[in-house]
Amino acid sequence: MLDKYDPAAIEAQWYERWEEADLFHEEPDPTRPPFVISMPPPNVTGRAHMGHGSTYTPQDILTRHHRMLGDNAVWLPGQDHAAIATQNVIEKELGKEGLTRFDVGRDKFIERAKQWRELYGDIIYKQFKALGFGPDWKRDRYTMDDGLSAAVMKVFVQLYREGLIYRGTRLVNWCPRCGSTLADTEVEHEEAAGTLYHVRYRGLDDGQDIVVATTRPETIFADVAVAVHPDDERYQKMIGKLVERPLSPHAIPVIADAAVERAFGTGALKITPGHDQADAEIGERHGLAAISVIGPDARMTDAVEAEFVGLDRLEARKRAVETLRARGALIREEAYTVSVGTCYRCDTVVEPLLSLQWFVKIKPLAEPALEASTSGKLRFVPGRYKRTYEDWLEHIRDWCISRQIWWGHRLPVWYCPDGHVTVAEQTPTTCSECESRELQQDPDTLDTWFSSGLWPFSILGWPQDTPELRAWYPNQVLVTAREIIFNWVARMVMFGIHFAGGIPFSAVHITPLILDEEGRKMSKSLGNSLDPMELVRDYGADATRFAIVSQMHGGQDVRFSIARCDDARKFCNKIWQAVRLAIDIAGGAQLVVPEETSWTLADRWIMDALAQTAARVTAALDAFDFAEAAQTLYAFLWNQVCDVYIEIAKDRAPTRGAVLTHVLATAMQLLHPIMPFVTDELWGRLGREGLIGESAWPSASSGWLDETARADMGRLLGFIEAVRALRALPSLPYREMRDVTVIGADSTLATLLRSEQGIVERLARAQQVHMPTGSDGRPAHSVSRRVGSVEVLLPVDEPFVEKERAALGKEIERARTEADAIERKLATNFVDKAPPAVVAKERAKLDELRQTLALSEQRLTSLK
């Protein structure tokens, strides 16, 4: 056994052993409770990042835990074809060759995408293995697999026949760079400096003018109305009147709608249904037409004044401002912060565009998905995300599912020369209406989230009635990130209910966002991204996993500290050394825990602590509280096993070897889901057979609980802590023994101090404990500390006492002087005039001085 823990020496070989033993593979077994997690499929173009660490580590932990519980536990892996992301990658590769996708054609482009997946698609899987993730690799699926593709076609056709998929012209998010529609959640919003333009719309028929505030004057050409709030007294007389649009002058009505925010701008809103979603909803309520003046290339169409035709939208904005100013319609301009929507893949500003697309009529699917949450059948952890999920479903809009890219599932839609539409799972030979044989397939592909929405049941063989589908649907839990609650979670619930007969999982655990230590989101532009592979290289996979989950508190975002990786590596080494010592104490024998009748107080205490730890860890994992599980095990192994019991076990009493090896082996089982590599290594070193992942999860049985031992050992350890604190004052060498005097010990403590003299001597370095009953017997000079009603005294030399008193007196005087000065300063107008950060710094300094005073006065009092 190596002298020190070395992750590089053990981790790679252990993963190979797990795979050789088929540890991760499961077959459906109706005789055991199922525990199934469907892995959120990473992109084929992806590499592991810290988000994967926080999302996938809990999945691995839960699966390993439930496997040890004896459940039919399986973690189902797979990858997503990531339509837009992969398309962008292939187009960039073509660009390096001076080509576009149109130069090579659709078939060759798709062939390149397939080759890319074969070359690079398994990179992230190799990284997952390095992190110790153990899904059932034999069940790996891919959203473009034949079986999953067939499920996609079946769902599309069925929804179309049910009237839930339709083709229509509606407002969509359009990326001019990608040349495709985007989902709402694929548009990233960021604040930017902009301008709010106040524009006059001239009143007609002797009506009054009305001033509108807008950030997009280039869309005035498409205005069809001006809206005001029905209760806004400023515009009551204008409702129903006509005003003139100042660009492409045209009479448009003033309408009343409660959606108008009276406090924004002038309280009058220009309505442009062809270029704004909120306007489109107002326009639909009032039966207004939608005009489009910006094309798919982000340039002005011929539906505008001649001098604007063909201009880029941003150039058109500058020209529009100049024209409005020249016509006397621009009243004023003011700086204004705007929310700019950009494509999540290429950062191009997204344009709302009227376009003929395919949509899912979503409300009939959303209603049962909403009821699943409101009824409690679907549970979110943390619970606050329940409201996030429900709010989106309550305000959901029809879903645009067509994408103008080549990579992905092509729409199963064909058109004949007469414009008839044929929708079929397999390529038809004739038109479904006129039997024409001249059919052309729609060139668009499906939104990636359409296929991934079927994930929990399509990967189990649906629509076939497979053993996997019968045994493993629904899954037990989904673990994912909050940013895809809409894109993925809600859609899986909708499709699961509609096609698979029920919700796909009963619990959704939303993992936190991993931030840097300053609380900033990690990004390449900020240069603050962490590569989990570098953490594995520097600290090991076990330490990286432990550092991630130990910082996941209550669902709050994690300010990730790399120092916690180093702490976790040291923790691994601590338990490594503990096992080495246990092997030495046990003498290499295969030991069985002796009967409880032979246990000492320390044995009973550590077994009680082990039982409590098992119960807490089990409860924490059941509640998805991974930080609590990790910290409970850390505290138990470091503070109770290593700092206390192992020190006691060095006395090599007859029971020590068996109890210590049992405690450590059981602790390794509890720790295994979080730190799989080191625990499997140490399991074997402790003489246990087989893989630790195949052993039974330790029972949180009350059989080992011993409240008496807990209380007695607690009093002993309280005494020992007091002695150690006193020994630190004169900085006594650890090996130097000193007598200790105890005043006020009751009969229980007195008995413990006598009967457990070995523990006291080993842990407190106290050779004798004197317990005088009267005033006699007190040391002439000592430092003292109270533990409840008991006073603990440690004899010291008189010179030390005098020297310490003098030093403490000076420290107290200095601290009081500085504290008084700051208090006087804070009592003046300094608080109002100084910057808040400076005031806060002074207050923090005052708090620190007060703490120093309290500690110094306490130490001075202790000097007898």
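Residues numbered from 1 in each chain as written. Predicted model: local features only at pLDDT ≥ 70, side-chain atom pairs only at ≥ 80, totals over all residues. Heavy atoms only, no water.

**Q** Which residues make up the overall build of the protein chain, and what are the values?
**A** When its secondary structure is counted, the protein chain shows 28 helices and 29 strands. Projected onto its principal axes, the C-alpha coordinates of the protein chain cover approximately 110 × 75 × 55 Å. When burial is assessed residue by residue, the protein chain has 52% of its 864 residues classed as buried. Counted over contacts in the protein chain with a minimum sequence separation of 6, partners at least 24 positions apart contribute 76%. Seen as two clouds, the 101 positive and the 124 negative side-chain charges of the protein chain have centres 4 Å apart. (Helix = DSSP H or I, 4+ residues; strand = E, 2+ residues; numbered from the N terminus. Buried < 20%, exposed > 50% of the residue type's maximum accessible area, 1.4 Å probe, protein only. Contact = heavy atoms within 4.5 Å. Lys, Arg positive; Asp, Glu negative; His and termini not counted. Charge placed at Lys NZ, Arg CZ, Asp CG, Glu CD.)

**Q** Account for the pairing of strand β22 (residues 477-481), with residues named and values stated.
**A** In regular strands, side chains alternate between the two faces of the sheet. With 5 of 5 residues buried, β22 is to be regarded as a mostly interior element. Neither face of β22 is exposed, since Val 477, Val 479 and Ala 481 on one face and Leu 478 and Thr 480 on the opposite face are all buried. Inspection of the sheet shows β22 paired to strand β23 (residues 507-511) by 5 bridges, in the parallel sense. When the bridges of β23 are listed, Val 479 appears paired with His 509. A crossover connection joins β22 to the parallel β23 through helix α15 (residues 485-500); in handedness this β-α-β unit is right-handed. (Pairing = 2+ DSSP bridges. Right-handed = clockwise from strand over helix to strand, strands pointing away.)

**Q** Outline unusual backbone geometry, listing residues and values.
**A** Cis geometry marks the peptide bond from Trp 462 to Pro 463, where omega comes out at 15°. Within the fold, Pro 463 resides in the loop between α13 (455-458) and α14 (467-472). Here the residue pair Tyr 473 and Pro 474 is connected by a cis peptide bond, since its omega of 5° sits within 30 degrees of zero. Position of Pro 474 among the secondary structure elements: in the loop between α14 and β22. The backbone phi angle of Asp 206 is positive, close to 65°, even though this residue is not glycine. Structurally, Asp 206 is set in the loop between β7 (187-203) and β8 (210-214). With relative accessibility at 86%, the residue Asp 206 sits in the exposed group. The backbone phi angle of Ala 298 is positive, close to 65°, even though this residue is not glycine.

**Q** Which residues make up the sheet that holds strand β16 (residues 399-400), and what values go with them?
**A** The strand order across the open sheet formed by 4 strands is β6-β5-β14-β16, and the pairing between neighbours is antiparallel. With partners counted over all chains shown, the strands left at the sheet margins are β6 (180-182) and β16, one partner each. Of the strand pairs in this sheet, strand β14 (residues 351-360) and β16 are connected by 2 bridges, and their pairing is antiparallel. For Val 360, the partnering residue across the bridge sits in β16 and is Trp 399.

**Q** Which residues make up the environment of Val 536, and what values go with them?
**A** As for its placement among the helices and strands, Val 536 is situated in helix α16 (residues 532-539). The sequence separation of Val 536 and Glu 761 amounts to 225 residues, and the corresponding C-alpha distance is 42 Å. Those residues in contact with Val 536 that lie beyond four places of it in its chain are Glu 11, Ala 130, Leu 131, Ala 541 and Thr 544.

**Q** So what's going on with the environment of Gly 788? Which residues, and what values?
**A** One can find Gly 788 in the loop between β28 (782-787) and β29 (790-795). By relative accessible area, which is 68% here, Gly 788 ends up exposed. The spacing of Gly 788 and Ser 432 is 356 residues in sequence and 89 Å in space, taken between C-alpha atoms.

**Q** With reference to specific residues and values, describe the packing of helix α1 (residues 7-20) against helix α22 (residues 676-685).
**A** Two numbers describe how α1 lies on α22: the axes approach to 9 Å, and their chain directions differ by 80°. With respect to each other, α1 and α22 are oriented roughly perpendicular. Residues Ile 10, Glu 11, Trp 14, Tyr 15 and Trp 18 of α1 pack against Pro 676, Phe 677, Val 678, Asp 680 and Glu 681 of α22. Across the contact of α1 with α22, the residue classes tally to 7 nonpolar, no polar and 3 charged. (Axes fitted to C-alpha atoms, helices over the stretch in contact; angles between N-to-C directions. Parallel < 35°, antiparallel > 145°, perpendicular 65-115°, else oblique. Nonpolar A, V, L, I, M, F, W, Y, C, P; charged D, E, K, R; others polar.)

**Q** Please provide a residue-by-residue account of the pattern of salt bridges, values included.
**A** Counted according to the given criterion, the structure contains 62 salt bridges. Of the charged contacts, one joins Arg 200 and Asp 209 as a salt bridge, the two residues approaching to 3.5 Å between their closest N and O atoms. Judged by its relative accessible area of 38%, Asp 209 is partly exposed. Across the pair Glu 647 and Lys 650 runs a salt bridge whose closest N-O atoms are separated by 2.9 Å. When salt bridges that share partners are traced, they join Arg 216, Glu 218, Arg 313, Arg 317 and Glu 351 into one network. (Salt bridge = Lys/Arg side-chain N within 4 Å of Asp/Glu carboxyl O.)

**Q** An account of the sheet that holds β29 is needed here, citing residue identities and associated values.
**A** The strand order β27-β26-β29-β28 describes an open sheet built from 4 strands, whose pairing is mixed. The open sheet is flanked by β27 (766-770) and β28, the only strands paired with a single partner. Adjacent strand axes in the sheet meet at a mean angle of 25° when their direction is disregarded. With 6 bridges connecting them, β28 and β29 associate as antiparallel partners. Note on β29: the bridge partner recorded for Ser 784 is Leu 793.

**Q** Give me the lowdown on helix α17 (residues 541-550), citing residues and values where you can.
**A** Summarising burial for α17: 10 of the 10 residues are buried, a large majority. Listing the buried residues of α17 in full gives Ala 541, Asp 542, Ala 543, Thr 544, Arg 545, Phe 546, Ala 547, Ile 548, Val 549 and Ser 550.

**Q** Report on the side chain of Asp 223, specifying residues and quantitative values.
**A** Mapped onto the elements, Asp 223 comes out in the loop between β8 and β9 (225-228). Residue Asp 223 is classed as buried on the basis of its relative accessible area, which comes to 0%. A polar contact of 2.5 Å, which involves the side chain of Asp 223, links it to the side chain of Tyr 201. (Polar contact = N/O pair within 3.5 Å; in protein donor to acceptor, adjacent residues only side chain to side chain.)

**Q** Give me the lowdown on the nonpolar core, citing residues and values where you can.
**A** Judged by nonpolar contacts, the single largest core of 125 residues is most densely connected at Phe 560, Leu 637 and Phe 719. Counting residues per element, this core draws most heavily on helix α20 (residues 626-649), which supplies 13 residues. With residues up to four places along the chain from it excluded, the contact list for Phe 560 reads Met 50, Ile 514, Leu 515, Asp 516, Glu 517, Met 522, Leu 530, Leu 535, Ala 547, Ile 548, Gln 551 and Cys 565. With 62 residues, the next largest nonpolar core counts Leu 76, Ile 362, Trp 449 and Ala 471 among its residues. (Core = buried A, V, L, I, M, F, W, Y, C linked by side-chain atoms within 4.5 Å.)

**Q** I'd like to hear about the packing of aromatic side chains, residue by residue, with values.
**A** Evaluated as defined, the whole model comprises 33 aromatic pairs. A ring pair is formed by Phe 457 and Tyr 473, whose centres lie 6.0 Å apart and whose planes are at 90°; its orientation type is edge-to-face. A residue pair is termed long-range when its members are at least 10 positions apart, and Phe 457 in helix α13 and Tyr 473 in the loop between α14 and β22 qualify at 16 residues. Owing to a relative accessible area of 12%, Tyr 473 belongs among the buried residues under this scheme. Site record: aromatic cluster; members linked through ring pairs are Phe 156, Tyr 160, Trp 358, Trp 399, Phe 450, Phe 457, Trp 462, Tyr 473, Phe 495 and Phe 499. (Phe/Tyr/Trp six-rings, centres within 6.5 Å; stacked < 30°, edge-to-face > 60°.)

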